[in-house]
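# Per-entry structural report
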Amino acid sequence: MSPPLRPIDAKTGMPYAHRVTWVGGEGSRAWRIHDLASEAIAEGQDVIDLTIGDPDFDTPTAIVDAAVTSMRAGRTHYTDMAGIPPLREAIAERQQRLTGQVVDPDDVVVVPGAQCGLFSTLQCLAGPGDEVVMLEPTYATYEALVGASGARAVNVPLSPERGFHIDPADLAAAITPRTRAILMNFPHNPTGVMITKDELAAIAEVCHQRDIWLVSDEVYGSLTYGERHHSPATTPGLEDRTVVVDSLSKSHAMTGWRLGWAIGQGELASHLYNLLLCQLYGCPPFIQDAAVIALSREYEEIDVMRAEFAARRTLVAERVNDMPLAACLPPEGGMFLMIDIRATGLGSVDFAFRLFEAEGLALMPGVGFGPSGEGHLRLSLSSPRAVLEDACARLARFLGTL
Ligand code: PMP
């Protein structure tokens, strides 16, 4: 068989590695809504953009001060490749406090954000010829994350009929001898659903039988509205094969700091170390110092942020459930809410474009997260309540015209 044709640069005629096609993708029409909204806002138009989720809160002042103090103290040089020991210890302690998982700091690897943690982990676990199972609708970057490893992504649907929960039969059917890992995120982006103990038991069974890793993205783990998040790493059968990936982005309103971690098992930390050595060469020490301060105590600002997200979630869920032709399941965690518009008979992309044109409200079409998201729109709660009230009024007005 002849090797596949390499992608060629349209301007220079130079060839690229095949890998560039694994991460690129077409970019679906669904995401165009976010671009349109950003352009309209830049032009000063009266547009509300609720497509993406970045906490609209400042990082607590004490954490910012810690970074400044650290920089002034000269902590601006290379440092430990896998993370400074006090931070690895603080992460291990936090994980134990939040989830009960006993973590050895040597198994913690500090990375610039959960995104990098997921990328690096998949590079260590899967490659060409392998398969990685994902739950769909899925967080938008997962397909490219799996693609970048060279593996093939296999979707397990989370259907709205099951309240976006896993059907164990679908999970079992997706597993093949090539499956290397299951990649999932709970509390779930985009649906706001939390994983149940029964679902974890079903996952544990397949992972245990087939020596499959579980890569558990827990970036919304501390933002829950009722029950606490159950970390898969403490589920019987998953303790020695779960990689927990988390960050300070959402928990501490620190998305721009790029500070996250992966908690591995066995030799994974040393493989991650080698990968990060050739890719990254360590995270900035002043950011790691600030992260130690972030994890060392509770912050009133963070409690206020959590309470505010809870209030927003209740507000929007109540408003939406009062609207004709729309409904929603209030999210159990995370900063998004899925609005069910199946009763309108419109597809989610069509609905989103028409809503944007009519009312200047940008919501993300659910199909952009996978086929099971069709008939839904994802609304981000990361805007003040007054903006969300206005958005709900616009949505209700639009629904009234259908
Ligand atoms: N996982 C999920 C599910 C997310 O929603 C996000 C951010 N939107 C990330 C990972 C990336 O987080 P980080 O900023 O820590 O890289």
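Located above this text is the structure these notes cover.
Procedures and definitions
- Residues numbered from 1 in each chain as written.
- Predicted model: local features only at pLDDT ≥ 70, side-chain atom pairs only at ≥ 80, totals over all residues.
- Heavy atoms only, no water.
- Pairing = 2+ DSSP bridges.
- Helix = DSSP H or I, 4+ residues; strand = E, 2+ residues; numbered from the N terminus.
- Contact = heavy atoms within 4.5 Å.
- Axes fitted to C-alpha atoms, helices over the stretch in contact; angles between N-to-C directions.
- Core = buried A, V, L, I, M, F, W, Y, C linked by side-chain atoms within 4.5 Å.
- Buried < 20%, exposed > 50% of the residue type's maximum accessible area, 1.4 Å probe, protein only.
- Right-handed = clockwise from strand over helix to strand, strands pointing away.
- Salt bridge = Lys/Arg side-chain N within 4 Å of Asp/Glu carboxyl O.

## Observations concerning the sheet that holds strand β7 (residues 213-217)
Taken in spatial order, the eight strands line up as β2-β9-β8-β7-β6-β3-β4-β5 in an open sheet, and their pairing is mixed. Each having just a single partner strand, β2 (108-111) and β5 (165-166) make up the two edges of the open sheet. Where strand β3 (residues 131-136) meets strand β6 (residues 179-185), four bridges bridge the pair, whose relative direction is parallel. By the bridge assignment for β6, E131 is matched with T179. Contacting β2, β8 (242-247) and β9 (260-263), helix α9 (residues 268-279) runs over the sheet at an angle of about 25° to β2.

## A look at the nonpolar core
Grouped together as the largest cluster of nonpolar side chains are 70 residues, with contacts concentrated most on L183, V316, I339 and F351. Residues within four places of L183 in sequence aside, it is in contact with L118, L122, V132, V133, M134, L135, Y142, V146 and V215. Counting 28 residues, the second largest nonpolar core, distinct from the first, contains V108, F286, A290 and A294.

## A closer look at the pairing of strand β4 (residues 152-159)
Two strands pair when backbone bridges link them, and β3 and β4 are joined in this way by six bridges, in the parallel orientation. Bridge pairing in β4 links E131 to R152. Following the chain from β3 across helix α6 (residues 142-149) to the adjacent parallel β4, one finds a crossover that is right-handed. Bridge count for β4 against β5 is two bridges, and the pairing is antiparallel. Bridging from a neighbouring strand, L158 pairs with I166 of β5.

## What to know about the pattern of salt bridges
Summed over the entire model, instances satisfying the criterion amount to 18 salt bridges. A salt bridge links E131 to R152; the nearest nitrogen and oxygen atoms lie 3.3 Å apart. With E131 in strand β3 and R152 in strand β4, this pair connects stretches of sequence that are 21 residues apart. Overall, E131 belongs to the buried group, its relative accessible area being 8%. Sharing partners across several salt bridges, the network here consists of D56, E308, R312 and R385.

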